[in-house]
Amino acid sequence: MKNWKENRALACVVLAAAILGGTFGIGGAKLSSAARSVNEAYAQNIAGDLALRAAAAQNIIAEGEAALGADAASVKTAKRVVEALEAAEGPAQEYAANAALTASVGMLYEETRKVSGDDKGSVLQTQWSEFLSRGNIIDNSADAYNEQARAAQKKLSGFPASLIAGLTGAQAEEFSA
């Protein structure tokens, strides 16, 4: 009779371990996959355009330096904002840096255009068009990405998903303020 009770206790332990393993193993994999899918969507739809927008901003800054001088306040501000964008970690920080980039590069463009003239086809005008175009692409992509991120956040916030997500580090961050 003693063996039967020991085996039953062992069976309960094995069953509990299997349930926990299944919940955390399979659940963790599903949650990680959901978060990874959102992060991949960000990389494919927003991050590349942000990098190209920053490159256009750098070119506008170079034109601004040539026209206004490296010590001009608008040149220095735009440089700092580009550096902030490059140092930003995650979609929310990149969103904030991108908003600041819009304002600072816009101001620099206007000052440079007044000093150097803004001929159609000039480097300044071409880079400004690229800068604005990438901004529009990012704005158009942001809504779909944010919707996907919110759906993933909803999955990650319930119980036991929030516990599992905390243990596995799965997260989905919106690209907005």
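Residues numbered from 1 in each chain as written. Predicted model: local features only at pLDDT ≥ 70, side-chain atom pairs only at ≥ 80, totals over all residues. Heavy atoms only, no water.

Asks: Explain the pattern of salt bridges residue by residue, including any values.
Replies: Throughout the structure, instances matching the rule amount to four salt bridges. In this structure, Glu65 engages Lys79 in a salt bridge whose closest nitrogen and oxygen atoms are separated by 2.4 Å. Placement of the pair is Glu65 in helix α1 (residues 2-68) and Lys79 in helix α2 (residues 73-87), with a sequence separation of 14 residues. Under the relative-accessibility criterion, Glu65 is labelled partly exposed at 25%. Taking relative accessible area as the criterion, Lys79 reaches 31% and is therefore assigned partly exposed. Note that Arg134 and Glu130 form a salt bridge whose closest N and O atoms lie 2.8 Å from each other. (Salt bridge = Lys/Arg side-chain N within 4 Å of Asp/Glu carboxyl O. Helix = DSSP H or I, 4+ residues; strand = E, 2+ residues; numbered from the N terminus. Buried < 20%, exposed > 50% of the residue type's maximum accessible area, 1.4 Å probe, protein only.)

Asks: Please give an account of the environment of Asn98 that cites residues and values.
Replies: In this structure, Asn98 sits in helix α3 (residues 91-116). With a relative accessible area of 6%, Asn98 lands in the buried category. Residues Asn98 and Ile138 lie 40 residues apart in sequence; the distance between their C-alpha atoms is 9.7 Å.

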